Amino acid sequence: MEIIIRENRQVASEAAARVVARIVREKPNAVLGLATGSTPLTLYKELIRLHKEEGLDFSEVSTFNLDEYIGLEKEHPQSYHIFMWENLFSQINIKPENVHIPDGMAVDIPASCAAYEREIVAAGGIDVQVLGIGSDGHIGFNEPTSSFASRTRIKTLTQQTVADNARFFEGNEACVPHHCITMGIGTIMDARMNLMLAFGEGKADGIAATVEGPVTAIMPASILQHHPNAKVFIDEPAATKLQLAEYYRWVYDGKPEWQKDA
Ligand code: GLP
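Residues numbered from 1 in each chain as written. Predicted model: local features only at pLDDT ≥ 70, side-chain atom pairs only at ≥ 80, totals over all residues. Heavy atoms only, no water.

Quick look at the overall build of the protein now. Looking only at helices and strands, the protein has 9 helices and 10 strands in total. In terms of overall dimensions, the protein has a C-alpha envelope of 55 × 40 × 35 Å along the principal axes. A burial count over the protein gives 56% of its 262 residues as buried. Considering only contacts within the protein whose residues lie at least 6 apart along the sequence, 80% involve residues at least 24 apart. Here the protein has roughly 11300 Å² of accessible surface; of this, 53% comes from carbon and sulfur atoms. (Helix = DSSP H or I, 4+ residues; strand = E, 2+ residues; numbered from the N terminus. Buried < 20%, exposed > 50% of the residue type's maximum accessible area, 1.4 Å probe, protein only. Contact = heavy atoms within 4.5 Å. Areas by Shrake-Rupley, 256 points an atom, 1.4 Å probe, with all protein chains shown as cover.)

Here it is in structure tokens:
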């Protein structure tokens, strides 16, 4: 794992965006795995800026989102479809047919999950998967005790995740669906690169457990220790519980500029 600690969310997100941009420039038909939540918003803003000001071209890029709530129409204001179109897709030159988000209204959800897995393979696999981390250590919506071998499937959210995500539903927990479709941990681990973002002191315990704790299904993000190319971009508040923070800073600061985007 590579741990990149930057002074704030903006600088960390810009560093992460440079990695994504490098991949897209080298491989114009790159396959991006994308996440929702508040964490990746600054990264998406930076990708939009790179598109508008530096011509970063998404015309051949495909995307696969991690997850979606079950029972929300695509047009529902809290659906991850709307989230992604509002915060990224409508502002870059991606082709709508190249965007993939699990369908929370599918009639046969297990069949649609299997089809989602096949579509990822048909696209050539995910080149870089963007990840946030839930307060209970979930990635996508893979809640604690999710199998490390899991594929795209239905999950039930923990009560904590329902409470956490109520902020997107005007604070009304009763409106948060309890079920979702999420890529599995096995699906996420198949990505060629995993790029986790975490900001704020509220993420410090989760990041310390992910990076320096035991690999355990009770902390799903800890599986990234087994990924051959996982990068964790965090701000100083999210780094406060890391034992080896000084070492991570020293490693990153010692790299030549070109290698920081590698
Ligand atoms: C949701 C998403 C996760 C995300 C998490 C953290 O549960 N399914 O992919 O990582 O929220 O959200 P935030 O980034 O707002 O802290």
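From this point, the narrative continues.
On to the pairing of strand S2 (residues 31–34), then. Covered by surrounding structure in S2 are Val 31 and Gly 33 together with Leu 32 and Leu 34, the residues of both alternating faces. Across 4 bridges, the pairing between S2 and strand S3 (residues 62–65) is parallel. Bridging across to S3, Val 31 finds its partner in Ser 62. Judged from the 2 bridges that link them, S2 and strand S6 (residues 128–131) form a sheet pairing that is parallel. Its bridge partner being in S6, Leu 32 is matched across the sheet by Val 128. (Pairing = 2+ DSSP bridges.)

Scanning the entire structure with this criterion turns up 18 salt bridges. Linking Lys 241 and Asp 205 is a salt bridge whose minimum nitrogen-to-oxygen distance equals 2.8 Å. Residue Lys 241 is located in the loop between strand S10 (230–235) and helix H8 (245–253), and its partner Asp 205 is located in helix H7 (residues 204–212); the two are separated by 36 residues in the primary sequence. Residue class for Lys 241 comes out partly exposed when judged on its relative accessible area of 46%. On the basis of relative accessibility, which here comes to 51%, the residue Asp 205 falls in the exposed class. Between Arg 249 and Glu 246 there is a salt bridge, with the nearest N and O atoms lying 2.7 Å from each other. One end of the pair is Arg 249 and the other is Glu 246, both in helix H8 and 3 residues apart, which spans about a single turn. The network of salt bridges with shared partners includes Arg 25, Glu 46, Arg 49, Glu 53 and Glu 54. (Salt bridge = Lys/Arg side-chain N within 4 Å of Asp/Glu carboxyl O.)

What follows is about the site of the ligand. The environment of the ligand is made up of 14 residues, and the closest members are Ser 38, Thr 39, Asp 67, Arg 167 and Lys 203. Note that an oxygen atom of the ligand is positioned 2.6 Å from one of the side-chain N or O atoms of Ser 38. Between the ligand and the protein, one listed contact pairs an oxygen atom with a side-chain N or O atom of Lys 203 at 2.6 Å. For the ligand, whose free accessible area comes to 390 Å², the fraction covered by protein is 95%. For the shell around the ligand, the per-class residue count stands at 4 nonpolar, 7 polar and 3 charged. (Near = heavy atom within 4 Å. Polar contact = N/O pair within 3.5 Å; in protein donor to acceptor, adjacent residues only side chain to side chain. Nonpolar A, V, L, I, M, F, W, Y, C, P; charged D, E, K, R; others polar.)

Attention now goes to the packing of aromatic side chains. All chains considered together, the criterion is met by 9 aromatic pairs. Ring centres 5.0 Å apart and planes at 45° place the aromatic pair Tyr 69 and Tyr 80 in the tilted group. Of the two residues, Tyr 69 sits in strand S4 (residues 67–69) while Tyr 80 sits in helix H3 (residues 80–87), which places them 11 residues apart along the sequence. With a centroid separation of 6.5 Å and 70° between ring planes, the pair formed by Tyr 80 and Phe 83 is classed as edge-to-face. Remark: Phe 83 and Tyr 80 occur in helix H3; sequence separation between them is 3 residues, near one turn of the helix. (Phe/Tyr/Trp six-rings, centres within 6.5 Å; stacked < 30°, edge-to-face > 60°.)

The next thing to look at is helix H1 (residues 9–26). For the α-helix, the turn length of 3.6 residues means that residues three or four positions removed from each other point alike. Compared with an ideal rise of 1.5 Å per residue, which puts 18 residues at 26 Å, H1 spans 26 Å between its outermost C-alpha atoms and is within 8% of the ideal. Those residues of H1 not exposed but buried are Ala 12, Ser 13, Ala 15, Ala 16, Ala 17, Val 19, Val 20, Ala 21, Ile 23 and Val 24. Of the residues flanking the start of H1, the one acting as N-cap is Asn 8, its side-chain oxygen 3.1 Å from the backbone nitrogen of Gln 10. (Expected span 1.5 Å × (residues − 1).)

Another aspect to go through is the sheet that holds strand S8 (residues 179–182). Taken together, 3 strands build an open sheet; the order of strands is S4-S8-S7 and the sheet is antiparallel. The sheet is open, and its two edges are formed by S4 and strand S7 (153–156), each paired on a single side. Averaged over all adjacent pairs, the angle separating strand axes in this sheet is 30°, with direction ignored. With 3 bridges connecting them, S4 and S8 associate as antiparallel partners. Paired with Glu 68 across the two strands is Ile 181, which belongs to S8. (Axes fitted to C-alpha atoms, helices over the stretch in contact; angles between N-to-C directions.)

Turning our eyes to something else, we now look at a nonpolar patch on the surface. A grouping of Leu 244, Tyr 247, Trp 250 and Val 251 is seen on the molecular surface, where their side chains present a nonpolar patch of about 450 Å² in accessible area. With respect to the helices and strands, Tyr 247 occurs in helix H8. For Tyr 247, a relative accessible area of 46% corresponds to the partly exposed category. (Patch = residues over 30% accessible without salt bridge, like charges linked within 9 Å, V, L, I, M, F, W, Y side chains within 5 Å.)

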